[in-house]
Amino acid sequence: MKINPLGDRVLVKAKAVEEKTASGIYIPQTAQEKTQIATVVAIGDDESIKVKVGDEVIHDKYAGTQFKDNGEEYLILNYADILAVIG
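These figures come from a predicted structure and were not determined experimentally.

(A) Looking closely at the overall build of the protein chain. The secondary structure content of the protein chain amounts to 0 helices and 6 strands. Counted from the first residue to the last, the protein chain has its helices and strands arranged as β-β-β-β-β-β. Expressed as a percentage of contacts within the protein chain between residues at least 6 apart in sequence, the contacts between residues at least 24 apart total 58%. By element, 52% of the accessible surface of the protein chain is carried by carbon and sulfur atoms, the whole surface being about 6100 Å².

(B) Structural view of the pairing of strand S3 (residues 56-59). Alternating positions in S3 separate cleanly, Val57 and His59 being buried on one face and Glu56 and Ile58 remaining unburied on the opposite face. Pairing analysis gives 3 bridges linking strand S2 (residues 37-43) to S3, with the strands arranged antiparallel. Looking at the pairing, isoleucine 37 lines up with isoleucine 58 of S3. In the sheet, S3 pairs with strand S6 (residues 82-86) via 4 bridges, with the strands oriented antiparallel. Among the inter-strand pairings, isoleucine 58 is bridged to a residue of S6, identified as alanine 84.

(C) Just unusual backbone geometry, in detail. Located in the positive-phi region is asparagine 70, a residue other than glycine, with phi close to 55°. Looking at the secondary structure, you find asparagine 70 in the loop between strand S4 (65-69) and strand S5 (72-78). Residue class for asparagine 70 comes out exposed when judged on its relative accessible area of 69%.

The rules behind each value
Along each chain, the written sequence defines residue order, and numbers are assigned to residues from 1. Only residues with pLDDT of at least 70 are given local features in this predicted model, and only at 80 or more are side-chain atom pairs given and counted; all residues enter the totals for whole chains, interfaces and linings. Side-chain metrics in this entry use all non-hydrogen atoms of the structure; hydrogen atoms and water are not considered. Helix and strand definitions follow DSSP, with helices as H or I runs of at least four residues and strands as E runs of at least two, each counted in order from the N terminus. Here, residues are in contact when the closest pair of their heavy atoms is within 4.5 Å. Residue burial considers only the protein chains on display, and all accessible areas are found by Shrake-Rupley using a 1.4 Å probe. Burial here depends on accessible area, computed with a 1.4 Å probe over protein chains only, as a share of the maximum for the residue type. Under 20% is buried, over 50% is exposed, and the range in between is partly exposed. Strand pairing follows a simple DSSP-based rule, namely that at least 2 bridges must link the two strands.

Here's what the structure looks like:
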């Protein structure tokens, strides 16, 4: 399914959370923080959006609407919920 966000919304895919720390300690799923880093998959048609497909972004922790498509988890964010572009 092809999803095109409308207006000032951005479709992102959350980055996978690492299960092992740098020192080699494994962290169980129940103790992991929800990631706030995602990759932009699609953008709405608002000309004020300053991110592009493929950018890695940091977003507000509890922002957006989550959904699954073909087993993949996505998030639709308002552009204002994106805090920074990484890189």
